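# Secondary and tertiary structure notes
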Amino acid sequence: MGLIAMFGIENSGLALAVNLLLLFLVVIWLALVYWTYSDARRRIADPMLVACATAASLFPFIGTIVYLIVRPPEYLDDVRERELEIAAAQARLAQLEHQHCQYCGFETEKSFLRCPSCLRRLKEPCTVCGKPLDPRWKICPYCEAEVGQAAEGRRPRPRRAAAARPAPSARQGAPSDATAERPARRDRPQSAG
């Protein structure tokens, strides 16, 4: 009752309410100190900085508010997970660019038909365009030929530039510009001499 009496509170019910409020504030303060410590351990790798954050939170309420402002934005586990995902993505990209020969382990590229080291065939070429084919493919993605189709069985697709030119049948009747401008050649008599 002595501490409450200092504030001029003599009512026992009011003194009880003030004591409970003070106890509640102390419990909240201690909980914030513990929360700051556990949160700092999950966000900061350096133990010295974790101790500094916890010590700052010993200043009631203000230390925790300052820690909330300056703390790192993400957890250490999230940082490690992101780094692992980046490393895995880089490994997948490297694997797409460079492969290894299944026979000798020599580093090859995906466009190689033969291994430069052991000379074994890695992929079959397309019979039409000659590009390397994956064994699982049913058509060549470069020239649209069916896998295993002979070169003479495939008609070449017309090019867009060829479609803009007049058809050959329209040009057959008219002489070409070069022959029309050239004068007819006359046979000259050869001099005997």
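Refer to the preceding data block for the structure.
Structure report, in brief.

Conventions and cut-offs
Residues numbered from 1 in each chain as written. Predicted model: local features only at pLDDT ≥ 70, side-chain atom pairs only at ≥ 80, totals over all residues. Heavy atoms only, no water. Helix = DSSP H or I, 4+ residues; strand = E, 2+ residues; numbered from the N terminus. Buried < 20%, exposed > 50% of the residue type's maximum accessible area, 1.4 Å probe, protein only. Contact = heavy atoms within 4.5 Å. Salt bridge = Lys/Arg side-chain N within 4 Å of Asp/Glu carboxyl O. Arc of directions from axis to C-beta. Expected span 1.5 Å × (residues − 1). Phe/Tyr/Trp six-rings, centres within 6.5 Å; stacked < 30°, edge-to-face > 60°. Polar contact = N/O pair within 3.5 Å; in protein donor to acceptor, adjacent residues only side chain to side chain.

Moving on, we get to the overall build of the protein chain. Along its length, the protein chain carries eight helices and four strands. For the protein chain, the sequential pattern of α-helices and β-strands runs α-α-α-α-α-β-β-β-β-α-α-α. Taken across its 193 residues, the protein chain has 15% of its residues classed as buried. Intrachain contacts of the protein chain at a sequence separation of at least 6 include 25% that bridge at least 24 residues.

Attention shifts here to the pattern of salt bridges. As enumerated under the stated definition, the model contains six salt bridges in all. A salt bridge links arginine 71 to aspartate 39, with the nearest nitrogen and oxygen atoms 3.1 Å apart. Highlighted residues: arginine 71 in the loop between α4 (62-70) and α5 (76-97) and aspartate 39 in helix α2 (residues 12-43), separated in sequence by 32 residues. With a relative accessible area of 25%, arginine 71 lands in the partly exposed category. You can call aspartate 39 buried: its relative accessible area is 1%. Ionic contacts of the salt-bridge type, sharing partners, join the residues Asp39, Arg42, Arg43 and Arg71 into one network.

Attention shifts here to α4. Of all the residues in α4, the buried ones are Gly63, Thr64 and Tyr67. Here the buried residues of α4 occupy an arc of 95 degrees about the axis, which is enough to place them on one side. Along α4, the residues that are exposed and aim more than 90 degrees away from the buried face are Ile62, Ile65 and Ile69. The elements touched by buried residues of α4 are α2 and α3 (47-56).

For the rest of this paragraph, the subject is α2. Helix length check: α2 (32 residues) gives 46 Å between terminal C-alpha atoms against 46 Å at 1.5 Å per residue, within 8%. Every buried residue of α2 is listed here: Ala15, Val33, Thr36, Ser38, Asp39, Ala40 and Arg43.

Once that is clear, we can look at the packing of aromatic side chains. As enumerated under the stated definition, the model contains one aromatic pair in all. Summarising the aromatic geometry, the rings of tryptophan 35 and tyrosine 67 are spaced 6.2 Å apart at their centres and angled 75 degrees between planes, so their arrangement reads as edge-to-face. Taken together, the residues span a long stretch of sequence, with tryptophan 35 in helix α2 and tyrosine 67 in helix α4 at a distance of 32 residues. Residue classification places tryptophan 35 among the partly exposed residues on the basis of a relative accessible area of 30%. With relative accessibility at 4%, the residue tyrosine 67 sits in the buried group.

Tracing the sequence through the fold places serine 38 in helix α2. Among the polar contacts listed, one links the side chain of serine 38 to the backbone oxygen of tryptophan 35, at a separation of 3.1 Å.

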